[in-house]
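Architecture and fold: a report
So you can see what is in the structure, the chains are spelled out below.
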Amino acid sequence: QVLLVESGGGLVQAGGFLRLSCAASGLISSSYGMGWFRQAPGKDREFVAAIRRNGEILAYPDSVKGRFTISRDNAKNTVFLRMSSLKTGDTAVYCCAAVRGYYSDLRQRGEYDYWGQGTQVTVSS
C-alpha cells in the first residue's frame, strides 16, 4: 500500500517560513516524480513545485518563484518543500503527489498516481 504523509504545516505570520515534508511508504520515492500542489478554499488545486526522479526541478510558478524550494532525500524516502517570505495568499492545504512516469507533465495534477491527504498552511497578516 502506497502512503504519502505530509507534515510541517501550521500557522505562521506573513514573512515567515515553513518546511513541509512528504514521507513516502510503499514505494521508492527516488523512482517517482514528486510534486506539491495546494488548494485554497473555493479555488482549484494549484501546482506549486515538482522534482523528477533524476533530480531535475521544474520551473516554479510565478506565484512562488524565489520563495519556495523543493528538495528530496532519497535515503529518507522524503520530499520537502521549503517556503519562505510567506504571504497570506499562500494559505491553503498543501498536498504532495507521486508519479511513476518519467515523461509525465508534473505540472498537471491528473498525471499523478498517488496523493497524500494534505497539511494545512495558514499565513496570518
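To start, this report covers the structure provided alongside it. (Residues numbered from 1 in each chain as written. Predicted model: local features only at pLDDT ≥ 70, side-chain atom pairs only at ≥ 80, totals over all residues. Heavy atoms only, no water.)

Description of the pattern of salt bridges
Inspection of the entire model under this criterion finds 5 salt bridges. Between Glu 56 and Arg 52 there is a salt bridge whose closest N-O contact spans 3.5 Å. A relative accessible area of 14% means that Arg 52 is categorised as buried. A cluster of three or more residues bridged by salt bridges with shared partners is formed by Arg 38, Glu 46, Arg 67 and Asp 90. (Salt bridge = Lys/Arg side-chain N within 4 Å of Asp/Glu carboxyl O. Buried < 20%, exposed > 50% of the residue type's maximum accessible area, 1.4 Å probe, protein only.)

Some words on the sheet that holds strand E7 (residues 78-83)
Taken together, the 4 strands give an open sheet; going across it, the order is E1-E3-E7-E6, and neighbouring strands pair in antiparallel fashion. At either margin of the open sheet sits one strand with a lone partner, and together these are strand E1 (3-7) and strand E6 (68-73). The mean angle between the axes of side-by-side strands here comes to 15°, regardless of whether they run parallel or antiparallel. Bridging between E6 and E7 involves 6 bridges; their strand directions are antiparallel. Its bridge partner lying in E7, Phe 68 is registered against Met 83. (Pairing = 2+ DSSP bridges. Helix = DSSP H or I, 4+ residues; strand = E, 2+ residues; numbered from the N terminus. Axes fitted to C-alpha atoms, helices over the stretch in contact; angles between N-to-C directions.)

Some points on the state of the cysteines
With the rule as written, the count across this model stands at 1 disulfide. Linked covalently through their sulfurs, Cys 22 and Cys 96 form a disulfide whose S-S length is 2.0 Å. Its S-S torsion of about 55° marks the bond between Cys 22 and Cys 96 as right-handed, since a negative value means left-handed. Placement of the pair is Cys 22 in strand E3 (residues 18-25) and Cys 96 in strand E8 (residues 92-99), with a sequence separation of 74 residues. The exposure classification of Cys 22 matches that of Cys 96, with both residues buried. No disulfide involves Cys 95; its sulfur sits 7.5 Å from the nearest other cysteine sulfur, which is in Cys 96. (Disulfide = S-S within 2.5 Å.)

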